Number of protein chains: 2
Amino acid sequence: MITIILVQPQMGENIGATARVMANCGLTKLRLVAPRDGWPNKKAENMASGALSHLEPIQVYDDFEQAIADMHFVLASSARPRQMVKPVYTPEQSMDSFFERCQKNETCALAFGAERTGMVNEDIAACQGIVNVPTNPDFSSLNLATSVSILSYEWRQKFLDKNGRPEFDTGSANKESPKAKQKDVGEFIARLEGELEEKHFFRSEGLTPQIKQNIKNIFTRMDMTEQELKTFHGIISALLGHKRPKD
Amino acid sequence: MITIILVQPQMGENIGATARVMANCGLTKLRLVAPRDGWPNKKAENMASGALSHLEPIQVYDDFEQAIADMHFVLASSARPRQMVKPVYTPEQSMDSFFERCQKNETCALAFGAERTGMVNEDIAACQGIVNVPTNPDFSSLNLATSVSILSYEWRQKFLDKNGRPEFDTGSANKESPKAKQKDVGEFIARLEGELEEKHFFRSEGLTPQIKQNIKNIFTRMDMTEQELKTFHGIISALLGHKRPKD
């Protein structure tokens, strides 16, 4: 498993958010290099929402060199640095490389710089490569906790690729004609409920909210087309004994 | 393009973090349903770090029904709900579906619930399906900004799949024998610098830090094996005219 290293993190909230998303993604090894407000940190604990007990004890170092001394392979999360020749990985490529190396029992780490500066060049120079999240070039700078979230998620994705995903339900069936808008579906459901009320369909007051929710669910889940919605209106009218309007 | 909807967000920071990661990922349409602290919100603006000017004007609604009235297809980011039959999408599947629908000019939204409660069942019932981030079952609850980050990132990934990625450098070449540890590489670099200093290699004081950084870069980039590191030590010794120790 990879180790996450936060270098000179300024805000405890970001350490806490890091711990939380790490636990969400099954990562347990966190190192801090010279956290501005020291460690432990109350704001971090609050933000972690209980995640710290899912992690191994957090290790704190004075400088980056010490924090990576026992590592075989370290990548820096960073924008592409100028004037520095380093391999640049996409998030997915980085996880492929990490998994491959972890399987050979290499120790691997992923490092993140301070909120304001990101990884400084001197620390990047000590890394084997860079991971760059391919953001919008017009607004590329990621929040620290966001960077950690995205890369921890990619770790989790790769982990599930190798170890099997939980089964997922697939999406709804294909339809052809234009879809009905929520507003029209909502009006249909309201109409149906109104008609059912008139017919004393909802007998038990205690159960009524649950039954109404179930009805709402059935009709929103259908992902109806406009035509299907018209058909349903027609069905209700027919069932109520209304005459069909002439076309 | 999909619209992001935050339903009753409590903390301005999370609205700001949402705006920032949306801009990072090329998303521009944000709607808020009854934000606890109103809108505009100073904490949100600070956290957005300038992202708000990259978004369309944020739209605020009183309730979820109004916020989705003009939408054709809405997914809720949520854990799997009990007692409710809804299609459950992985993040990737959800983006496939969103892209397909957007191409047919269907209006699509992705909704997130409040920090404490997540999406409430009544609002989920109004959605066509659920997107579930496959987190660690032992610690599954995601921070709001983290959920938005992961799903915005998946949108961006799908966007780059369709529209072409920027070119990336690939990782370093394969090696066979065990990799050298950072500590040993660092010691080698320090030794080399020391030797070079003795030989007056660093003549211009102004350029020395840059040259040292380049040297550091060269040797860390090589991702050396233990054997290669030994070889380099040998090379330096040889160049210095030291005798080779007997094996």
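Overview of the structure. The model shown is predicted, which means the values in this text are computed figures rather than measured ones.

**Some details on empty space enclosed by the protein**
And step 1. Tallying each qualifying case throughout the model produces 2 cavities of 30 Å³ or more.
And step 2. When its volume is computed, the largest cavity comes out at roughly 50 Å³.
And step 3. Lining the largest cavity, in full, are A:His72, A:Gln128, B:Lys179, B:Ala180, B:Gln182, B:Val185, B:Phe219, B:Thr220, B:Asp223 and B:Met224.
And step 4. Within this model, the second largest cavity holds a volume of roughly 40 Å³.
And step 5. In terms of lining residues, the second largest cavity is bounded by A:Ala180, A:Gln182, A:Val185, A:Phe219, A:Thr220, A:Asp223, A:Met224, B:His72 and B:Gln128.
And step 6. The set of elements that each furnish at least two residues to the lining of the second largest cavity consists of α7 (182-198) and α8 (208-221) of chain A.
And step 7. Residues that form the lining of the second largest cavity fall into these classes: 4 nonpolar, 4 polar and 1 charged.

**What to know about the relation of the copies chain A and chain B**
And step 1. The transform that puts chain A on chain B rotates by 180° and translates by 0.0 Å along the axis, for an RMSD of 0.1 Å. These values place the two chain copies in the arrangement generated by a two-fold rotation axis. When C-alpha distances to the rotation axis are compared across chain A, the minimum falls at A:Ile150, with a value of 2.8 Å.
And step 2. Taken together, the interface assignments show that 100% of the residues at the interface of chain A recur at the interface of chain B, consistent with an identical surface on both copies.

**Observations concerning the packing of helix α1 (residues 12-24) of chain A against helix α6 (residues 144-163) of chain A**
Between two packed helices, what matters for the description is the angle formed by their axes and the separation of those axes.
Residue and element names in this part refer to chain A.
And step 1. Between α1 and α6, the least distance of the axes is 9 Å, while the angle of their chain directions is 10°. Between α1 and α6, the crossing angle belongs to the class labelled roughly parallel. Only Leu-144, Ala-145, Val-148, Ser-149, Ser-152 and Arg-156 of α6 make contact with α1, whose side of the interface consists of Asn-14, Ala-17, Thr-18, Val-21, Met-22 and Asn-24.

**Re a nonpolar patch on the surface**
And step 1. Together, A:Phe201, A:Leu207 and A:Ile211 make up an exposed nonpolar region whose accessible area comes to about 270 Å².
And step 2. Among the secondary structure elements, A:Leu207 is positioned in the loop between α7 and α8.

**Examining the layout of surface pockets**
And step 1. Estimated volume of the second largest pocket: approximately 480 Å³.
And step 2. Contributing to the lining of the second largest pocket are 23 residues, with A:Gly186, A:Lys216, B:Glu65, B:Glu122 and B:Ala126 lying nearest its centre.
And step 3. It is α7(A) that provides the largest number of residues to the lining of the second largest pocket, a total of 8 residues.
And step 4. In terms of residue class, the lining of the second largest pocket is built from 10 nonpolar, 4 polar and 9 charged.

**Concerning the pattern of salt bridges**
And step 1. Within this structure, the stated rule accounts for 19 salt bridges over all chains.
And step 2. The closest approach of N and O atoms between B:Lys216 and A:Glu122, which form a salt bridge, is 4.0 Å. Of the two residues, B:Lys216 is situated in helix α8 (residues 208-221) and A:Glu122 in helix α5 (residues 121-125); the pairing between them involves two chains.
And step 3. With relative accessibility at 22%, the residue B:Lys216 sits in the partly exposed group.
And step 4. By relative accessible area, which is 52% here, A:Glu122 ends up exposed.
And step 5. Of the charged contacts, one joins B:Arg101 and B:Glu106 as a salt bridge, the two residues approaching to 3.3 Å between their closest N and O atoms.

Rules used in this analysis
Residues numbered from 1 in each chain as written. Chains lettered and ligands numbered in written order. Predicted model: local features only at pLDDT ≥ 70, side-chain atom pairs only at ≥ 80, totals over all residues. Heavy atoms only, no water. 1 Å grid on protein atoms, 1.4 Å probe; cavity = no way out; pocket = protein on both sides within 12 Å on 5 of 7 lines; lining within 4 Å. Points joined across faces, edges and corners; volume = space filled by probe spheres on them. Helix = DSSP H or I, 4+ residues; strand = E, 2+ residues; numbered from the N terminus. Nonpolar A, V, L, I, M, F, W, Y, C, P; charged D, E, K, R; others polar. Least-squares fit on C-alpha atoms with pLDDT ≥ 70 in both. Contact = heavy atoms within 4.5 Å. Axes fitted to C-alpha atoms, helices over the stretch in contact; angles between N-to-C directions. Parallel < 35°, antiparallel > 145°, perpendicular 65-115°, else oblique. Patch = residues over 30% accessible without salt bridge, like charges linked within 9 Å, V, L, I, M, F, W, Y side chains within 5 Å. Areas by Shrake-Rupley, 256 points an atom, 1.4 Å probe, with all protein chains shown as cover. Salt bridge = Lys/Arg side-chain N within 4 Å of Asp/Glu carboxyl O. Buried < 20%, exposed > 50% of the residue type's maximum accessible area, 1.4 Å probe, protein only.

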